[in-house]
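# Descriptive structure summary
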Amino acid sequence: MRITALPSVIICMAVITSYVPGLINRPPEIKELYKASQALRAKSGCLIKQELDPELCKIAQKWAEHMAAKNCMYHGGGEQIIARGYKTPKSVLNAWVCSPPHKKWIFCNKKKVGFGYAKSKSGHPYWAGVYRN
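An account of the accompanying structure is given in this report. Everything numeric here is computed off the predicted structure, so don't read it as measured data. Along each chain, the written sequence defines residue order, and numbers are assigned to residues from 1. In view of the model being predicted, local features appear only for residues whose pLDDT reaches at least 70, and side-chain atom pairs are presented and counted only at 80 or more, with totals across whole chains, interfaces and linings using the full set of residues. Neither water nor hydrogens contribute to the side-chain values; these are computed over all heavy atoms in the structure.

As a further point, take the packing of aromatic side chains. The pairing test for Phe, Tyr and Trp rings, Trp by its six-membered ring, is centres within 6.5 Å, and the orientation test on the planes gives stacked under 30 degrees, edge-to-face over 60, and tilted for anything in between. Counted under the stated rule, the structure contains 5 aromatic pairs. Taken together, a centroid distance of 6.4 Å and an interplanar angle of 15° make the contact between Trp96 and Phe115 stacked. With Trp96 in helix H4 (residues 89-97) and Phe115 in strand E3 (residues 112-119), the pair connects residues that are 19 residues apart, well separated along the chain. Classification of Trp96 as buried rests on a relative accessible area of 2%. Three exposure classes are used, based on accessible area relative to the maximum for each residue type with a 1.4 Å probe and protein chains only: buried under 20%, partly exposed in between, and exposed over 50%. A relative accessible area of 1% places Phe115 in the buried class. With a centroid separation of 5.8 Å and an interplanar angle of 25°, the aromatic rings of Trp105 and Tyr131 are classed as stacked. Placement of the pair is Trp105 in helix H5 (residues 100-106) and Tyr131 in strand E4 (residues 125-132), with a sequence separation of 26 residues. Judged by its relative accessible area of 28%, Trp105 is partly exposed. According to the relative accessible area criterion, Tyr131 is buried, its value standing at 2%. Taken together, the aromatic side chains of Trp96, Trp105, Phe115 and Tyr131 make up a single cluster linked through ring pairs. In this description a helix means any DSSP run of H or I spanning at least four residues, a strand means any run of E spanning at least two, and both kinds are numbered starting from the N terminus.

Turning next to the environment of Ser37. Along the polypeptide, Ser37 turns up in helix H2 (residues 28-43). Sequence spacing of Ser37 and Phe107 is 70 residues, and the spatial spacing of their C-alpha atoms is 8.8 Å. By the convention used here, residues are in contact when the closest approach between their heavy atoms is within 4.5 Å. Those residues in contact with Ser37, other than ones at most four positions away along the chain, are Leu93 and Phe115. Reaching out from Ser37, the side chain makes a polar contact with the backbone oxygen of Tyr34 at a distance of 2.9 Å. Whenever two N or O atoms come within 3.5 Å, that pair is a polar contact, provided that in protein one can donate a hydrogen and the other can accept it, and provided that, for residues adjacent in sequence, both atoms are side-chain atoms.

Attention now moves to the sheet that holds strand E1 (residues 51-52). Two strands pair under a simple rule: DSSP has to find at least two bridges between them. Taken in spatial order, the 4 strands of this open sheet run E1-E3-E4-E2, and their pairing is mixed. Among the strands making up the open sheet, the edge pair consists of E1 and strand E2 (81-84). Interaxial angles span 0 to 180 degrees and are taken between N-to-C directions of axes, which are lines fitted to C-alpha atoms, for helices over the stretch in contact. Contacts from H2 reach E1, E3 and E4, with the element oriented near 140° to E3. In this fold H4 packs onto E2, E3 and E4, with an angle of close to 60° to the strand it touches most, E4.

Moving on, we come to H2. By definition here, a helix of n residues has an expected span of 1.5 Å times n minus one. In a regular helix each residue adds 1.5 Å, so 16 residues correspond to 22 Å; H2 covers 23 Å between its end C-alpha atoms and thus fits that length. Considered for burial, the residues of H2 that qualify are Glu29, Ile30, Leu33, Tyr34, Ala36, Ser37, Gln38 and Arg41.

The next point concerns the nonpolar core. One finds Leu33, Leu52, Trp96, Ile106, Phe115, Trp127 and Tyr131 to be the most contacted residues of the largest nonpolar core, which totals 20 residues. For this core, the elements supplying multiple residues, two or more each, are H2, E2, H4, E3 and E4. Grouped together as the second largest cluster of nonpolar side chains are 11 residues, Leu56, Ala60, Ala68 and Tyr126 included. The definition of a nonpolar core used throughout is a set of buried Ala, Val, Leu, Ile, Met, Phe, Trp, Tyr and Cys residues joined through side-chain atoms within 4.5 Å.

What follows is the structure, encoded as structure tokens:
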């Protein structure tokens with residue numbers, strides 16, 4: 001009886017784990033970018049700590065994947081900030097902070113943020129960020 005019960009428990013756990021909303025399947029680059037952006041915001045005196053929102057991550061991820069598939073960077077997927085070619089989360093965050101229009105988004109008062117990251121077939125990294133309340 002224990003032998004036959006074990007596989008169903010494993011299957012049940014796998015189904016529950018894959019269904020749990022959140023960031024379980026997010027690339028590590030997203031978590032690194034989120035942590036770096038929040039640390040920078042805190043260091044700069046921002047009082048609002050943004051929540052890494054799964055729905056906003058889906059929007060950003062979809063757009064990053066779209067740009068990577070087209071191998072072309074452009075706005076239009078519901079994102080506020082995008083980038084191409086930066087290999088690390090810290091390098092893309094630095095690029096955004098050095099650009100006044102992008103910097104406004106990094107330091108905005110929105111309560112939720114989502115990031116996306118994808119690589120094109122040619123290996124170019126694409127990034128997207130989405131901010132909402």
